[in-house]
Amino acid sequence: MFPQRPAISRAPVETTGSGHPLISRQSEKSLLTDLEKRVEEIEARAAESKLLGNLSMDEEARIYNRRLAVELKEYALKLRGQMESVGKEPKPGA
C-alpha cells in the first residue's frame, strides 16, 4: 500500500566510557565557561534577593526574597557540583 522507506544508516557515535558522546576539549571548555558565568549570575541574583529580603519594609516581600535567595544559592551549588563532575574545580570560597 505505502512504499517502504529506505533504511537510514547511522554511523556509530564515539562515546566516553560512561556512554556520553565525546565533545572536543574546546567545546568542553566553552561549556564550562558558560556554566561558570551562569553560576556567577545566579549567585549575584541570590545576593540581590537576600539584600532585598533584609531591607524590604513589606513582610511578604521579605519572606519571598529570602526564600528566593536560598533557592538560588542551592541551585548555584548544584551547578557547581556539575562543574566538579566534569573536572572543573569551583572557585575558592564558593
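Everything below is about the structure printed above this text.
It should be emphasised that the depicted structure is a prediction, and the values quoted were computed from it without experimental measurement.

**Q** Tell me about the overall build of the protein chain, and please be specific about residues and values.
**A** For the protein chain, the helix and strand inventory stands at two helices and zero strands. Put simply, the protein chain has 94 residues, and 19% of those count as buried. Of the roughly 8,200 Å² of accessible surface on the protein chain, a fraction of 55% belongs to carbon and sulfur atoms.

**Q** Please set out the pattern of salt bridges residue by residue, giving values where relevant.
**A** Enumeration according to the criterion identifies two salt bridges in this entry. The shortest N-O distance in the salt bridge between R38 and E41 comes to 3.8 Å. Pair noted here: R38 and E41 are both in helix α1 (residues 25–55), with a separation of three residues, about one helical turn. For R80, the salt bridge is made with E43, and the minimal N-O distance between the two is 3.2 Å. Within this pair, whereas R80 is found in helix α2 (residues 59–86), its partner E43 is found in helix α1, the two being separated by 37 residues in sequence.

**Q** I'd like a rundown of the environment of A46, residues and numbers included.
**A** In this structure, A46 sits in helix α1. Under the relative-accessibility criterion, A46 is labelled buried at 3%. In this view, A46 contacts A69, L72 and K73; residues no more than four positions away in its chain are not counted.

**Q** Account for α2, with residues named and values stated.
**A** With 28 residues, α2 should cover 40 Å at 1.5 Å per step; its first-to-last C-alpha distance of 41 Å lies within 8% of that length. Listed in full, the buried residues belonging to α2 are N65, L68, A69, L72, A76, L79, R80 and M83.

**Q** Now, about the nonpolar core: what can you tell me, with residues and values included?
**A** One broad trend across soluble globular proteins is that nonpolar side chains are buried collectively. Residues L32, L35, V39, I42, A46, L68, L72, A76, L79 and M83 constitute the largest nonpolar core, which totals 10 residues. Of all the secondary-structure elements, those providing two or more residues to this core are α1 and α2. L68 has contacts with R45 and S49, leaving out every residue within four places of it along the chain.

**Q** Before we move on, could you go through the environment of G53 and cite the residues and values that matter?
**A** In this fold, G53 is placed in helix α1. Along the backbone, G53 and R66 are 13 residues apart, and their C-alpha atoms lie at a distance of 5.0 Å. Residues contacting G53, with those up to four places away along its chain left out, are R62, N65 and R66.

**Q** I'd like to hear about the environment of S85, residue by residue, with values.
**A** Within the secondary structure, S85 is located in helix α2. Within polar-contact distance, the side chain of S85 engages the backbone oxygen of Q82 at 2.7 Å.

Cut-offs applied
- Residues numbered from 1 in each chain as written.
- Predicted model: local features only at pLDDT ≥ 70, side-chain atom pairs only at ≥ 80, totals over all residues.
- Heavy atoms only, no water.
- Helix = DSSP H or I, 4+ residues; strand = E, 2+ residues; numbered from the N terminus.
- Buried < 20%, exposed > 50% of the residue type's maximum accessible area, 1.4 Å probe, protein only.
- Areas by Shrake-Rupley, 256 points an atom, 1.4 Å probe, with all protein chains shown as cover.
- Salt bridge = Lys/Arg side-chain N within 4 Å of Asp/Glu carboxyl O.
- Contact = heavy atoms within 4.5 Å.
- Expected span 1.5 Å × (residues − 1).
- Core = buried A, V, L, I, M, F, W, Y, C linked by side-chain atoms within 4.5 Å.
- Polar contact = N/O pair within 3.5 Å; in protein donor to acceptor, adjacent residues only side chain to side chain.

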